[in-house]
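Understanding the architecture of this molecule
Spelled out, the chains give:
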Amino acid sequence: MSDPRLLIDQPLSVGARITLDEAQARHVGTVLRLEPGENLRVFNARDGEWRVRLADKSKRALSVEVETLLRPARETPDVDLLFAPVKRHATDLIVEKACELGVRRLRPVLTQRTIAETVRLDRLNAIAREAAEQTERFDAPEILAPVLLAKALDGWDPARALLYADERGSDAQAPWGGESGRAPPIAEALAALRGRAALAVLIGPEGGFTAEERGMLRALAFVVPISLGPRILRAETAVIGALSVVQALWGDWRAGA
Ligand code: SAM
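How each quantity is defined
Residues numbered from 1 in each chain as written. Predicted model: local features only at pLDDT ≥ 70, side-chain atom pairs only at ≥ 80, totals over all residues. Heavy atoms only, no water. Near = heavy atom within 4 Å. Polar contact = N/O pair within 3.5 Å; in protein donor to acceptor, adjacent residues only side chain to side chain. Nonpolar A, V, L, I, M, F, W, Y, C, P; charged D, E, K, R; others polar. Domains from an automatic or database assignment. Buried area = accessible area lost by both parts, 1.4 Å probe. Salt bridge = Lys/Arg side-chain N within 4 Å of Asp/Glu carboxyl O. Helix = DSSP H or I, 4+ residues; strand = E, 2+ residues; numbered from the N terminus. Axes fitted to C-alpha atoms, helices over the stretch in contact; angles between N-to-C directions. Parallel < 35°, antiparallel > 145°, perpendicular 65-115°, else oblique. Contact = heavy atoms within 4.5 Å. Core = buried A, V, L, I, M, F, W, Y, C linked by side-chain atoms within 4.5 Å. Buried < 20%, exposed > 50% of the residue type's maximum accessible area, 1.4 Å probe, protein only.

**Points about the site of the ligand**
Around the ligand, the surrounding shell holds 21 residues, and the nearest of these are Ala165, Glu167, Glu206, Leu228 and Arg231. Backbone polar atom of Gly204 to an oxygen atom of the ligand: 3.0 Å apart, as the coordinates give it. At 2.9 Å, a backbone N or O of Leu228 approaches a nitrogen atom of the ligand. Its residues assigned to classes, the shell around the ligand shows 11 nonpolar, 5 polar and 5 charged.

**As for the domain arrangement of the protein chain**
When the domains of the protein chain are assigned, the result is domain 1 (5-71) and domain 2 (79-249). For the pairing of domain 1 and domain 2, the buried interface totals around 870 Å² over both sides, and the portion due to carbon and sulfur atoms is 47%. The salt bridge involving Arg41 is made with Glu136; its shortest N-O contact spans 3.1 Å. Counting the contacts that link domain 1 with domain 2 gives 9 residue pairs in polar contact (both at pLDDT 80 or more). Elements with a contribution of two residues or more to the side of domain 1 that touches domain 2: strand 1 (5-7), strand 3 (39-44) and strand 4 (48-57). When grouped by side-chain class, the residues that make up the side of domain 1 that touches domain 2 number 4 nonpolar, 3 polar and 5 charged.

**Remarks on the packing of helix 2 (residues 88-100) against helix 7 (residues 235-249)**
Interhelical geometry of helix 2 versus helix 7 gives an angle of 10° and a closest axis separation of 9 Å. The angle between the axes of helix 2 and helix 7 places the two elements in the roughly parallel class. Side by side, helix 2 and helix 7 meet where Ala90, Leu93, Ile94, Lys97 and Ala98 of the first sit next to Glu236, Val239, Ile240 and Leu243 of the second. For the contact of helix 2 with helix 7, the per-class residue count stands at 7 nonpolar, no polar and 2 charged.

**Some thoughts on the nonpolar core**
Grouped together as the largest cluster of nonpolar side chains are 33 residues, with contacts concentrated most on Leu81, Leu163, Leu199, Val201, Ile203, Leu243 and Val246. Secondary-structure elements contributing two or more residues to this core are strand 6 (79-83), helix 2, helix 3 (121-135), strand 10 (161-165), helix 5 (186-192), strand 11 (199-203) and helix 7. The element that contributes the greatest number of residues to this core is helix 7, accounting for 6 residues. Residues contacting Leu243, with those up to four places away along its chain left out, are Val79, Leu81, Ala98, Leu101, Val103 and Val201. In this structure, Leu6, Leu12, Leu40 and Val52 belong to the second largest nonpolar core, which totals 17 residues.

Here's what the structure looks like:
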C-alpha cells in the first residue's frame, strides 16, 4: 500500500518543517497511528507531491519534515461542473465523484425546481479535499458559493462552452418531450469542441429544468445541449456519466493528454 497523502496549503520544499492542522494530525496520529520516522506524502497544486517523514508527535501537535520531491504538479483539465444541489447524500456523491473525475471547479446553481434548501460549503469542501487526497490529484476542486442559474450564465466567458444536459424533446404532450428537438449525443457535441481550452457541464435537479429555463439555455450561443442517451438518469448518475465521457473524449483520459 502506498504512503498516505495529505493536501497541505503551505509551500513545500526540501527540509521544510510543517505542523499539521488539527484534523490532519488526528487522522495521522490517531486513525493511522503513524509514529515518528514513518513516511507519508504531502502535496499541493503549486509544489507537487513530496515524501515527508513524521518528525514529531505529541498530544498537542504533529509535524512532518519534507524530504524529496516525488512528482511535479500536473494541472487538472479546465472543466467546471454546474449542478443543481439535490438531497444531501446525492450532493455529497456528486462532489466526491466530480473530484475523482478531474473537475477543476464546482458551482452549485439554484434552478426553479431545486429543492435543496441549504448548501454546506464547509462540508462539501471537506469531501472534496478527502477525495483529492485519495485520488492522487494535486489540487482539491474549488467549490464556489451557490448562485441562481441566471446569475451563473450572466457574464459567462463565451470561450468556455457549456454542455447542457437536456433529457427532453420539444413536444409538450409527449412523455419526456418525445423525439423532436432532442439534443445531440454528448460524443457528437464533444467532437465539434475539440481544441477548446475550457468546458463546463450543467446538470439539473431531480425534477429537471423548467420549459422557461430550457428555452433560456438553448437561446445562448455558448450553450451546447447534449443528450446522455435514451434513459433518464438520476442527477448524480448524469454527473458521473457526462464527466466520464468528457474526460475520455476531450480531457485527460486520452492517450498522451
Ligand atoms: N426531468 C426529469 C424529472 O422530471 O424527473 C429528470 C431529471 S434528471 C433526474 C436530472 C438531470 O440529469 C436532468 O436535468 C439532466 O440535466 C440530467 N439528465 C438525466 N438524464 C439525462 C439524459 N438522458 N440526457 C441528458 N441529460 C440527462
